[in-house]
Amino acid sequence: MLGTLFFTFVKIGMFTIGGGYAMIPLIEREVVDRGWIGKEDFLDLFAVTQSLPGIFAVNISIFVGYRLRGVWGSVICALGTILPSFCIILLIALFFNHFQDNPWVVKVFNGIRPAVVALIAVPCISAARSLHLKRVQLIAPAIGALLIWLCGVSPVWIILAGIAGGLAYTFWIKGKWERRQR
Amino acid sequence: MGKEAKMIYWQLLCVYLKIGLFGFGGGYAMLSLIQHEVVDKHEWLTRQEFTDVVAISQMTPGPIGINSATYIGYTATGSVWGSVVATVAVCLPSFLLVLAISYFFARFKSNKYVEAAFTGLRPMTVGLIAAAGLLLVNHENFIDWKSVVIFAGAFLLTWKYKMHPILVICLAGAAGLFIYW
C-alpha cells in the first residue's frame, strides 16, 4: 500500500505542470476514483487545505496520506509529490549556469521575463474577480501591495495585518455597524 | 565545513521555515514573500535570476514553492544539500500543522476564528500577488520598449484567450530571440 501511495503521488507530481492548483483534478481522480477517500471527504480536505499556509499540493497529499496510513503515509505521499520537481529543478540548477551566458539563451530570456510579469498579473486580477471584491475591499490589499513594493515591508507583516483585520472586522466592527444600522 | 558555509544553511533553513509558515494563498501569493527574503534581504539571487526561476517553474512540473526552494537552495550553497534543507524546511511547518489538524479536523472545518481571520486574509492575497508582479517590474526585466510589447502580448494571450502559460512562455522566448537578433 505504501508503495502504491508513493508512486501515485510521484505520478501526480510529475505530470502537473504550472503550479499546485493544476494538481487538484489529478489528485482527485487518483484518490477518489480508487475509492481511497470519498468525494465529499475530499472536498472537505480541499476546503481546509486552502486555509493552510505552505504548498497546497504538498499539504493535500499529507492529508490524504495521513487518512490512509497515518504519519508514515503522510511522509510517503509528501515525498512522492515533491520528488519529481525536486529532481528536475536540481538538474536545471546544476546546468543552467553553463547556459546562462550563451547569447541565444540571453535573448530568449529577455523575451520571457516580461511575459512572466504578465503571467502573475492575470491570476491577480482573476483572484480579485473570483472573490467578488468590492472597490472598498480592494483598499487594504492595495495598501499592502504598495508597502511591500515601495517600502520593502516584509509580506509577513501584511499577512498578519490581514489576519488581524479579519478578526477585528468579524468580532468588533461588523457588530457595531449592524447595531447602528438598526 | 567552514563557519560561514554553515551559516548559509542556517539562514536557508530559517528563511524557508518562515516561507512555509506564512505562505498563505497559494504559489503566486507566496512569490512576494520568497522574493523579499531571497532577493532583497539575503541577496542569494538577483531580480533577473529570480524572474528566470519563476519562468522555469512555470514550465516544469510541481508547485512553485518547491521549485524555488530547490533551485535557490542549490544556488545559495552550491550543494545539493542546500536544496534538501530548503525544500524540507518549506514543507515542515504545514506538515506539522496538517498532522495537528487531522486530529480535530471536524472542529477546524467550521471554526469561527479561522473563518474570521480569512475574511481579512482572502482579499489580502490579491495584494500579495500584485506585489509579486510589481516587484518584477524593473529595468532588469523590462530592458526597453520591446519588453513592454511582449508584456502586453503575453497579458492579452493569457487574459483574453486563456492560453496555457507554457505556450505563452515559449512564444515570448521565441519573440525574444527574433526581436533581439
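Residues numbered from 1 in each chain as written. Chains lettered and ligands numbered in written order. Predicted model: local features only at pLDDT ≥ 70, side-chain atom pairs only at ≥ 80, totals over all residues. Heavy atoms only, no water.

Enquirer: Please give an account of helix H8 (residues 145–159) of chain B that cites residues and values.
Expert: Given a rise of 1.5 Å per residue, 15 residues ought to cover 21 Å, and the 21 Å separating the end C-alpha atoms of H8 of chain B matches this to within 8%. Turning to H8 of chain B, its buried residues number three or more, namely Ser-147, Ile-150, Ala-154 and Thr-158 of chain B. Along the axis of H8 of chain B, the buried residues cluster in a sector spanning 60°; they form a single face. Taken together, the buried residues of H8 of chain B touch helix H5 (103–130) of chain A together with helix H9 (165–179) of chain B. Residue Asp-144 of chain B occupies the N-cap position of H8 of chain B, its side-chain oxygen lying 3.0 Å from the main-chain nitrogen of Lys-146 of chain B. (Helix = DSSP H or I, 4+ residues; strand = E, 2+ residues; numbered from the N terminus. Expected span 1.5 Å × (residues − 1). Buried < 20%, exposed > 50% of the residue type's maximum accessible area, 1.4 Å probe, protein only. Arc of directions from axis to C-beta. Contact = heavy atoms within 4.5 Å. Polar contact = N/O pair within 3.5 Å; in protein donor to acceptor, adjacent residues only side chain to side chain.)

Enquirer: How would you sum up the pattern of salt bridges? Please name residues and give values.
Expert: This model, assessed by the stated rule, comprises 8 salt bridges over all chains. The partner of Arg-34 of chain A in a salt bridge is Glu-30 of chain A, and the shortest N-O contact between them spans 3.0 Å. In this structure, Arg-47 of chain B engages Asp-40 of chain B in a salt bridge whose closest nitrogen and oxygen atoms are separated by 3.0 Å. Since its relative accessible area comes to 32%, Asp-40 of chain B is described here as partly exposed. Salt bridges sharing partners connect three or more residues here, namely Lys-11, Glu-30 and Arg-34 of chain A. (Salt bridge = Lys/Arg side-chain N within 4 Å of Asp/Glu carboxyl O.)

Enquirer: Outline the nonpolar core, supporting the account with residue identities and numerical values.
Expert: Formed by 103 residues in total, the largest nonpolar core has its most connected members in Tyr-16 and Val-90 of chain B. Counting residues per element, this core draws most heavily on helix H4 (residues 56–99) of chain A, at 18 residues. Apart from residues lying up to four places away in sequence, Val-90 of chain B is in contact with Ile-55 of chain A together with Tyr-16, Ile-19, Gly-20, Met-30, Gly-65, Ile-66 and Ala-69 of chain B. (Core = buried A, V, L, I, M, F, W, Y, C linked by side-chain atoms within 4.5 Å.)

Enquirer: Tell me about the side chain of Ser-61 of chain A, and please be specific about residues and values.
Expert: Mapped onto the elements of the fold, Ser-61 of chain A is located in helix H4. Contacts of Ser-61 of chain A, omitting those with residues within four sequence positions, involve Phe-9, Cys-77, Ala-78 and Thr-81 of chain A.

Enquirer: Account for the domain arrangement of chain A, naming residues and giving values.
Expert: When the parts of a complex come together, some accessible area is lost, and that lost area is often used as the size of the interface. Structurally, chain A comprises domain 1 (2–99), domain 2 (103–132) and domain 3 (134–182). Placing the centre of domain 2 of chain A and that of domain 3 of chain A at their C-alpha centroids yields a distance of 27 Å. (Domains from an automatic or database assignment.)

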